[in-house]
Amino acid sequence: MIDEWNLSEADLFAALGSSADGLTSHDSVVRLRDAAPALGFRRTSGLRLLMRQFSNPTVLILIGTAAVAAALGQIVESSIVIAIVAVSGLLGFIQERTAVGAVHALLQSVSVHCEVLRDGVEREVLSSNVVVGDVVVLRTGDVVPGDGRVIMANHLLVDEATLSGESYPLRKTPGTFASATPRHERSNMVYCGTYVSSGEGRAIIVRTGRDTEFGRLTTHVSSEHLPTSFERGITSFGYLLMRAMVVLVLLVFTVNMVLRRPVIDSILFSLALAIGLTPQMLPAIVTMSLSRGARLMAKKRVIVKRLDAIEDIGGLDILCVDKTGTITEGDVVLDGHLDPCGNSDEFVLSLAFTNASLQRGFENPIDQAILDHGPGQPTSSLFVDEIPFEFVRRRMSVIVTDSDTEVSSRRIICKGALRSVLECCSTVRVGNSVASIDANRAEIEALGEHLAADGLRVLGIAFGDVPDRDDYSPDDEHDLTFAGFLSFGDPPKPGITAVIDSLDSLGVSVRIITGDSSLTAMPIASRIGVSPLRCCTGPELEAVAVDELPHFVEGYGVFAEIDPIQKERIVRAFTRGGHAVGFLGDGINDAPALHAADVGVSVTEAVDVAKETADVVLLNKDLGVLADGIAEGRRVFANTLKYVHVTTSANFGNMLSLASATAFLPFLPLLPLQVLLLNFLSDIPGMTIATDRVEAEHLQRPLRWDVGRVRNFMVVFGLTSTVFDLLTFGGLYIVFSSNATELRSGWFIESMLNELVVLLMLRTSRPLWRSEPGRALLWSSISVALIVLVLPYSPIASNLGLAGPPIDVILTLLAITFLSIVTTEFLKHYFTELVEPG
């Protein structure tokens, strides 16, 4: 490996087989075939996806049970168990494969591109297609596609926070450094995954994909799945089930041994109980819910880059947004070009037009509005240099020379935030003369505040002479003459007030974070109904101690004059205050906040770094679509938790019933095969929960995973189910004097019917008759009920150890089921919300 930061440019080009004009198209194609694997989304092979379905402990226990049964000559039982495993695994495989394919297809529409030199010509290519030896063109907002050596730079500043955690951009310049120079001191190098915060430059790529510094850091992490907060909740829930399962299995096995029952039957029965307690279909349910949610959101032009972000979206209660283009139309219009006294002035417009037409930074709506309003013909001035925009300075300048003068003189034209521009000025233009800025500053600021109070964005513009030299910097922005104001109009979007109200009804508070002045932001916030209607400025925020920020930010609905680092501080403060925070941004300065948010949201027109950082990408910059996404996220979360609540309580009740009945019945209350069959049949309607309806009241608040609530739900309704199961056992064994086959058949029917009815009841906090279930859930429940009623009378009943009960037994079982319905409906009032926010 070469020390690319140490070589001369000529030696580096020779080592890489490239030149300052980049590679040829043919060379790039050849090198791409041999390139290091790309970073980012990688599709898992179909075989690996299929094998994953059969690798979890629950499935392995099932397979082990089938093997033991086959070894003991129970071929039918073994075959049914294998069939259950196969069907469950295939369902999970189909759903996950569909979800992965959908995500891969959707991500193609928000792929990141970059500019490279191919055949000496600048071309746009996918960042993933950049190869070693490519010369990339770097401009403000670009994500660096690989590790590279800088060969040309014009005030090139690169943000390396994703790699090093450094908060402020680092200046990059050509040159060489000693081999022993630490990475953070190699200012001639740019690194994959970082982004250009200002300026422009070129770099020759020396490493790509997983060979990069960023790739080395992420390879180990990406090789392991990092659990989301929801998955961590599932894990905690799994530990809860494991403890219950161990206790039940040991208890049942011990009781059977004390009663001198066959060892093999006791082992199989205990294993069946353990399996029956576990909701095997939960992974498939989660995947089905998420993939369905992703497809529905895609139809609404919302692309979810990671499936589990859907559940995170449902948990949002704070949404931080920029003002321009999100709250407002984003079609910025130049409203006025005024002299320091507030009169329309063509000289101010000519300065602004020259500045906007010659600047070489990133495209932006402000400059486009100036160009649209300009004279329609190119400026006569010639470009000399640029001092790029920086979010800390909040201004930018171009250095120009007049083409129609014989004597070459150079002028600086500075444009930016009014206060920032005034800091550079020592004089002010008054008519054809100049005056001291100090004597006129108060009047200038007052006029700026008056314009901003009308909801206009106000910039200042200034000019001055600079010496003739090769390079210019922000130090040259001094002793300028203030020329006047530029005011821009950007009205609120139609219907934005209704969208804010819609988000409020979902329990999501919208907070505006903008770089505009408070005078510009507050009138807009007032018109659209942002609450609380109080504004905090950047300087005010800086004065607040870090440990006081979470409480401080609660009281403000608008944050104005905010820089990128402050945006991140605000987002982190809300997070530390216990909120689930979403951040919607599309600019370079939004990247830190997008990364800090629980859910980063960007738009397809955003700069590359914003799309790269975001979890969700909107194809239309529409908060209304995001509100729909939040509601959809809550539906997915609610339906997933319905399955968890209902299935675990039913399984716990059934297994506790069987464990209890083992102690007083002279035979096993159910055969292991019957336990597994019951569990499988109950999962059929469970699989359709992903399509179930969710009542409006469950969409009005953010959702949280609460293992304690799941435990309480499982115990209360599980014990309720056990009471009626034991009543069934007692009635069949004592009243009807049923033998083993008759009792098992009766309880098989009652248990399944009871579980189906309870599923339809506990899926909602409303009374059963006031909530309509989804069609798939309803009809699958009816179908399973019919199967259970018919199965004991079918030709295969004897193979399953079942026999058809007489009519009086059936009527008794139906009566017990009705009593269970009445009791469950009464107890349900103690759980007024099926999914209660934590």
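The shown structure was predicted, so the numbers you read here are calculated from the model rather than taken from an experiment. (Residues numbered from 1 in each chain as written. Predicted model: local features only at pLDDT ≥ 70, side-chain atom pairs only at ≥ 80, totals over all residues. Heavy atoms only, no water.)

Considerations on unusual backbone geometry
For residues other than glycine, phi is negative in most cases, and the peptide bonds are mostly trans. The linkage connecting Ser531 with the following residue, Pro532, adopts the cis geometry, with an omega of 0°. Take Pro532: it is sitting in the loop between α17 (518-528) and β19 (535-537). Even without being a glycine, His155 presents a positive backbone phi close to 50°. Tracing the backbone shows His155 in strand β4 (residues 147-159). Owing to a relative accessible area of 11%, His155 belongs among the buried residues under this scheme. (Helix = DSSP H or I, 4+ residues; strand = E, 2+ residues; numbered from the N terminus. Buried < 20%, exposed > 50% of the residue type's maximum accessible area, 1.4 Å probe, protein only.)

A look at the sheet that holds strand β18 (residues 509-513)
Strands sit in the order β8-β23-β22-β21-β9-β18-β20-β19 across an open sheet of eight strands; the sheet is mixed. The outermost strands of the open sheet, each flanked by one partner alone, are β8 (302-304) and β19. Strand-to-strand twist of the sheet, defined as the mean angle between neighbouring strand axes without regard to direction, takes the value 20°. Judged from the four bridges that link them, strand β9 (residues 318-321) and β18 form a sheet pairing that is parallel. Its bridge partner lying in β18, Leu319 is registered against Val510. (Pairing = 2+ DSSP bridges. Axes fitted to C-alpha atoms, helices over the stretch in contact; angles between N-to-C directions.)

Some points on a nonpolar patch on the surface
Together, Leu727, Phe818, Leu819 and Val822 make up an exposed nonpolar region whose accessible area comes to about 380 Å². Among the secondary structure elements, Phe818 is positioned in helix α28 (residues 807-828). In this structure Phe818 comes out as exposed when scored by relative accessible area, which is 53%. (Patch = residues over 30% accessible without salt bridge, like charges linked within 9 Å, V, L, I, M, F, W, Y side chains within 5 Å. Areas by Shrake-Rupley, 256 points an atom, 1.4 Å probe, with all protein chains shown as cover. Salt bridge = Lys/Arg side-chain N within 4 Å of Asp/Glu carboxyl O.)

Considering helix α1 (residues 9-16)
Given 3.6 residues per helical turn, the α-helix brings residues three or four places apart onto the same face. Among all positions in α1, only Leu12, Phe13 and Leu16 are buried. All buried residues of α1 fall inside an arc of 100° around its axis, so they share one side. Exposed and oriented more than 90 degrees from the buried face of α1 are Ala10 and Ala14. Elements that come into contact with the buried residues of α1 comprise α2 (25-33), β4 and β7 (195-207). At the C-terminal side of α1, Gly17 shows a positive phi close to 65°. (Arc of directions from axis to C-beta. Contact = heavy atoms within 4.5 Å.)

Points about the confidence of the model for the chain
Per-residue pLDDT for the chain has a mean of 81; in total, 84% of the residues score no lower than 70. Below a pLDDT of 50 lies the segment residues 219-228, which in the model reaches eight contacts outside its immediate sequence neighbourhood of four places, other chains included. Note on residues 833-838: pLDDT is under 50 here. Beyond four places in sequence and across chains, it has 22 contacts. (pLDDT = per-residue confidence, 0-100.)

Some points on the packing of helix α23 (residues 623-664) against helix α25 (residues 707-735)
Put simply, α23 and α25 touch, their axes get as near as 7 Å, and they point 40° apart. For the element pair α23 / α25, the angle class is oblique. Considering how the two elements wind past one another, α23 and α25 form a crossing that is right-handed. The residue makeup of the contact of α23 with α25, split by class, is 15 nonpolar, 10 polar and two charged. (Parallel < 35°, antiparallel > 145°, perpendicular 65-115°, else oblique. Left-handed = near helix turned anticlockwise from the far one by under 90°. Nonpolar A, V, L, I, M, F, W, Y, C, P; charged D, E, K, R; others polar.)

Describing the pattern of salt bridges
Note that side chains of opposite charge can pair when their charged atoms are close. In the structure shown here, the tally under the stated rule is 20 salt bridges. With a closest N to O distance of 2.8 Å, Glu477 and Arg395 form a salt bridge. Taken together, the residues span a long stretch of sequence, with Glu477 in the loop between β16 (457-466) and β17 (480-489) and Arg395 in strand β12 (residues 395-402) at a distance of 82 residues. Assigned by exposure class, Glu477 and Arg395 land together as buried. Connected through shared salt-bridge partners, Lys642, Asp692, Glu695 and Arg763 make up one network.

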